[in-house]
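Descriptive structure summary
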Amino acid sequence: MAAALGLVAARAGKRTIVAEVARRGDVASAFDRGGAEPFSETELAPGLFHISIDPQDALEEYLRDQLPSGPVAEVLIRSRVFTMVAAATPGMRELLTVGKLWELAQLDRRTPGADAYDLVVVDAPATGHGVAVLSAPRTFAAAAGSGPVARQGTIIDAMLSDPKRTAVVAVAKAEELAVTETGQLREALLASMGLPLERVVANALEPDRFSPQEAKLLESHAGHPAVAGALSGHARARHQRAQLARLRRLTDGRTPARLPLHPGGPDLERLADELASQL
Amino acid sequence: MSGLADRLEGKRVCIVAGSGGVGKTTASAALALGMAAAGKRVAVVTIDPARRLADSLGLEELGNEPRQVDPALLEGHGIEMRGELWAMMLDPKATFDDLIVDLSPDASTREEVLGNRIYAQLSSAIAGSQEFSAVAKLYDISRSERFDVVVLDTPPSRNALDFLRAPDRLTDFFEGRALKLFLVPTGIAAKVMGRGTSVVFAILKRLTGVDLLDDVAGLFGALGGLIDGFRERAAAVKALLADPTTTFFIVTSPEREPVAEAIFFHGKLREARMPFGGLIVNRTVVLDAALGDPVAVRATLRDKLGDALAGKVAQSVADLQLLAARDVESIERLKVALDEPEPIVVPRLDGDVQDVDGLLALYRHLSGSSPGTA
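Owing to the predicted nature of the structure, the values given are computational and were not obtained by experimental measurement. (Residues numbered from 1 in each chain as written. Chains lettered and ligands numbered in written order. Predicted model: local features only at pLDDT ≥ 70, side-chain atom pairs only at ≥ 80, totals over all residues. Heavy atoms only, no water.)

1. Examining the sheet that holds strand 1 (residues 13-17) of chain B
All names here are of chain B. Strand order in the open sheet made by the eight strands is 3-4-2-5-1-6-7-8, with mixed pairing throughout. Two strands bound the open sheet, and with one partner strand each, they are strand 3 (67-68) and strand 8 (344-347). Bridging between strand 3 and strand 4 (residues 84-89) involves two bridges; their strand directions are antiparallel. Bridge pairing links Arg67 to Ala87 in strand 4. The strands that helix 18 (residues 356-367) touches are strand 7 (276-284) and strand 8; relative to strand 8, the one it contacts most, it runs at about 145 degrees. (Pairing = 2+ DSSP bridges. Helix = DSSP H or I, 4+ residues; strand = E, 2+ residues; numbered from the N terminus. Contact = heavy atoms within 4.5 Å. Axes fitted to C-alpha atoms, helices over the stretch in contact; angles between N-to-C directions.)

2. Some remarks on helix 3 (residues 55-66) of chain A
Look at helix 3 of chain A: 16 Å from first C-alpha to last across twelve residues, which is about the 16 Å you get at 1.5 Å a residue. Listed as buried for helix 3 of chain A are Pro55(A), Ala58(A), Leu59(A), Glu60(A), Tyr62(A), Leu63(A) and Gln66(A). (Expected span 1.5 Å × (residues − 1). Buried < 20%, exposed > 50% of the residue type's maximum accessible area, 1.4 Å probe, protein only.)

3. A few points about the pairing of strand 7 (residues 257-260) of chain A
Residue and element names in this part refer to chain A. By the alternation rule, side chains of strand 7 split into Ala257 and Leu259, which are all buried, and Arg258 and Pro260, of which none is buried. As judged from the three bridges shared by strand 6 (residues 197-205) and strand 7, these two strands associate in the parallel manner. By the bridge assignment for strand 7, Val201 is matched with Ala257.

4. Some details on the packing of aromatic side chains
The relation between two aromatic rings is expressed through the spacing of the ring centres and the mutual angle of the planes. Tallied over the full model, the rule gives three aromatic pairs over all chains. Where Phe49(A) meets Tyr117(A), the ring centres are 5.5 Å apart and the plane angle is 65 degrees; that geometry is what we call edge-to-face. Remark: Tyr117(A) occurs in the loop between helix 6 (92-105) and strand 4 (119-123) and Phe49(A) occurs in strand 3 (residues 48-52); sequence separation between them is 68 residues. Accessibility classification places Phe49(A) together with Tyr117(A) in one group, the buried group. A centroid spacing of 6.4 Å and a plane angle of 55 degrees characterise the contact between Phe248(B) and Phe265(B), whose relative ring orientation is tilted. Remark: Phe265(B) occurs in helix 15 (residues 256-271) and Phe248(B) occurs in strand 6 (residues 246-252); sequence separation between them is 17 residues. Its relative accessible area of 0% is what places Phe248(B) among the buried residues. The residue whose ring lies beneath Arg15(A) is Phe49(A), and the NZ or CZ to ring-centre distance is 4.5 Å. Sitting over the face of the ring of Tyr117(A), Arg15(A) holds its NZ or CZ atom 4.5 Å from the ring centroid. (Phe/Tyr/Trp six-rings, centres within 6.5 Å; stacked < 30°, edge-to-face > 60°. Lys NZ or Arg CZ within 6 Å of the ring centre and 35° of its normal.)

5. Observations concerning empty space enclosed by the protein
The method is simple in principle: a probe with the dimensions of a water molecule rolls over the atoms, and the space it marks as empty is what remains. Taken as a whole and judged by the stated rule, the model has six cavities of 30 Å³ or more. A volume near 150 Å³ is recorded for the largest cavity. If you go around the largest cavity, you meet 17 residues; those closest to its centre are Glu206(A), Arg209(A), Gly233(A), Arg236(A) and Ser316(B). Residue assignment for the lining of the largest cavity shows that the elements contributing at least two residues are helix 11 (225-250) of chain A together with helix 17 (307-338) of chain B. (1 Å grid on protein atoms, 1.4 Å probe; cavity = no way out; pocket = protein on both sides within 12 Å on 5 of 7 lines; lining within 4 Å. Points joined across faces, edges and corners; volume = space filled by probe spheres on them.)

The following block contains the structure:
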């Protein structure tokens, strides 16, 4: 979904980067570019870039950028003590990840020779951890009190918690658990970041083909295997409708964007078409 | 040979792993219910199950200890409950706090850790803390001997590896030089570790601010008193995960990403020499052989339903065939990749499993028999 959203933006002429934060290469594989270089900005389609953010790489980049002397940075990077301290400090991985996201979103990039992006799409971790990542700068700024980390945490948090600059899109299937988690995500975002959910996308919806009258007629022929199959689909669609209503209730009564299930497998271009028509 | 009962024979810990959204929680609950019906004392540990499923088991309160599911709730569903079913919802933060309390050598250490600003603010946000808490709780419960079997529904992690690595990560942390560094005065540390260390400290100070460093040092210093306890606990947990009485079930749906994740996880399981118990392919579209092809369906049903409706039915048959073909392909891929000739295939149901009847139906699909009938 993040890749499709990125594609929508790129088609609209925005220079866009899709950032993954769990080093899995999902986005690259959606574009049939398995094994894309991690932690480098790779162009997947015109105007659409990809990066996989690893906290260790982000730390190294940060140190090279922050320290006046290259050799000192190299000493630090190679110092096991330092990397252990960084890795062992709770929340540091999240902070480094989100720091790199912030860097990608800057008009004046720190990365030498890098151009600005109009949009950074983040393929965030699952609900609970996702909020922890987003709120890491705020948590750190509060914990650090003073010093560069606190200062930078405050700056990063200002961007992430500003609804004009940061939008959170929740993607959910119309299933009990996914809908519940989306409701929790909404609450957690508001509580920890003061951010609303910008948009909710209901994904992989099964077709809701039959009217109540049609279903009734089908029921009188339920002995036919094809009709039984159709009725079973109808039951799922009805269940799905109830979950969609719940989803709407849990997210401020707003109608989610609805994307159909593709029995033949997802096709990114098509997904982007469908998404674009509803955003 | 590969029936569910055989797979579970002699097992005391059953860990259910897989991507989020594939039905792990319901599969865990169904497995636990089935074993309890067969006469075992079973505890199922889960994180944040679907609300109505929890309600149907009478678990509306979130407690961090197992609670017995009222047998009355299970009666009248056509099963005989010969054992006991217990369930709990894991509270990761409380579990981690409990662990600190448990391992602290004295009250002052305990207070120092729990009261530390950094610990208070960040312990709930530690990456992988859910994973670690889950295994820590698993260990506690399995050690208590109150249960014959513990079923663990693993946290919905995108990276299932965090779970397997949890004990190692903790050991690394406590055996790491980072912690040791904070345990000795800077002057001595500098002598022992060489001049690089003082540079490290100076730069850390510059980057993070003194406040933070003091708090981190304070936390690490206090945690120092827990090192031995943590190390022993991590080793014990690791041994438990690899024990022959432990088994891992991998649950997946036939969709592309969960399948990839299942294959990946199985590989890691094998690497770590942890016991793989079986593969559950949930939500599989199984084609009724009598379905016929869409064109014929439309022709046959035209008279009864009218052409338009017959056409819609034919369209749903065509969709089913595509999905079923995808699922057959996924299962074949899984069989080869996991070297598992007989995965447990559970057909897709028409709605979410959210009550006792749903769990029983799921168990029948998992086991090929009704609960309580051996």
